[in-house]
Amino acid sequence: ATEKAIWKRKLSWLKDEDCDRLAAKYDLSGGEIDNIVRKSMMEEVLNGTRPDVAMLEAWCRGEKLTRKGGNAIGFAC
């Protein structure tokens, strides 16, 4: 499935153009999208509000930073 389809399937309330934008702007794996979906669900449960696209984009940027800037485990060779 394309990233757009994954976004739409996981967050069905997103507009098609928002799914297009997220898919085009962020090269995320399905697992990274799942992490953002979980954050979205927690936002709704804890604060009673559905995140807007700007918040989703902030989480997308955070996922990319985590992947590229995370600490490696083990010994460097």
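Remember, predicted model here, so these are calculated numbers, not experimental data. Every chain begins its residue count from 1, and numbering advances along the sequence as written. Per-residue local features of the predicted model are confined to residues with pLDDT of at least 70, and side-chain atom pairs are confined, for both listing and counting, to 80 or more; whole-chain, interface and lining totals are unaffected and use all residues. To obtain the side-chain values, all non-hydrogen atoms of the structure were included, while hydrogens and water were left out.

J.: Which residues make up the overall build of the protein chain, and what values do they have?
T.: Secondary structure follows DSSP: runs of H or I at least 4 residues long count as helices, runs of E at least 2 residues long count as strands, and numbering of each begins at the N terminus. From N to C terminus, the protein chain includes 4 helices and 0 strands. Only protein chains enter the accessibility calculation, which uses a 1.4 Å probe; a residue is then buried when its area is under 20% of its type maximum, exposed when over 50%, and partly exposed in between. Taking all 77 residues of the protein chain together, 30% fall into the buried category. A fraction of 56% describes how many contacts in the protein chain between residues 6 or more apart in sequence connect residues 24 or more apart. In this description, accessible areas are obtained by the Shrake-Rupley approach with a 1.4 Å probe, and a residue is regarded as covered only by the protein chains that are shown. For the protein chain, the accessible surface area stands at approximately 5,300 Å², while carbon and sulfur atoms represent 56% of it. We call two residues in contact whenever any of their non-hydrogen atoms come within 4.5 Å of each other.

J.: Can you explain the pattern of salt bridges? Please cite residues and give values.
T.: What makes a salt bridge here is a side-chain nitrogen of Lys or Arg within 4 Å of a carboxyl oxygen of Asp or Glu, nothing more. What the rule picks out here adds up to 7 salt bridges. Linking Asp16 and Lys8 is a salt bridge whose minimum nitrogen-to-oxygen distance equals 3.7 Å. Asp34 is the salt-bridge partner of Lys10, the closest N and O atoms lying 2.8 Å from each other. Placement of Lys10 in helix α1 (residues 3-10) and of Asp34 in helix α3 (residues 30-47) is noted, with a sequence separation of 24 residues between them. Residue Lys10 is classed as partly exposed on the basis of its relative accessible area of 35%. Shared partners join several salt bridges into a network, and the residues in it are Arg21, Lys25 and Glu57.

J.: Tell me about the side chain of Ser40, and please be specific about residues and values.
T.: Among the secondary structure elements, Ser40 is positioned in helix α3. Classification of Ser40 as buried rests on a relative accessible area of 1%. Not counting the four nearest positions on each side in its chain, Ser40 is found in contact with Leu11, Trp13, Pro51, Leu56 and Trp59.

J.: Please provide a residue-by-residue account of the environment of Glu32, values included.
T.: The topology assignment puts Glu32 in helix α3. Accessibility expressed as a relative area gives 7% for Glu32, which makes it buried. Separated by 27 residues in sequence, Glu32 and Trp59 have C-alpha atoms that sit 9.7 Å apart.

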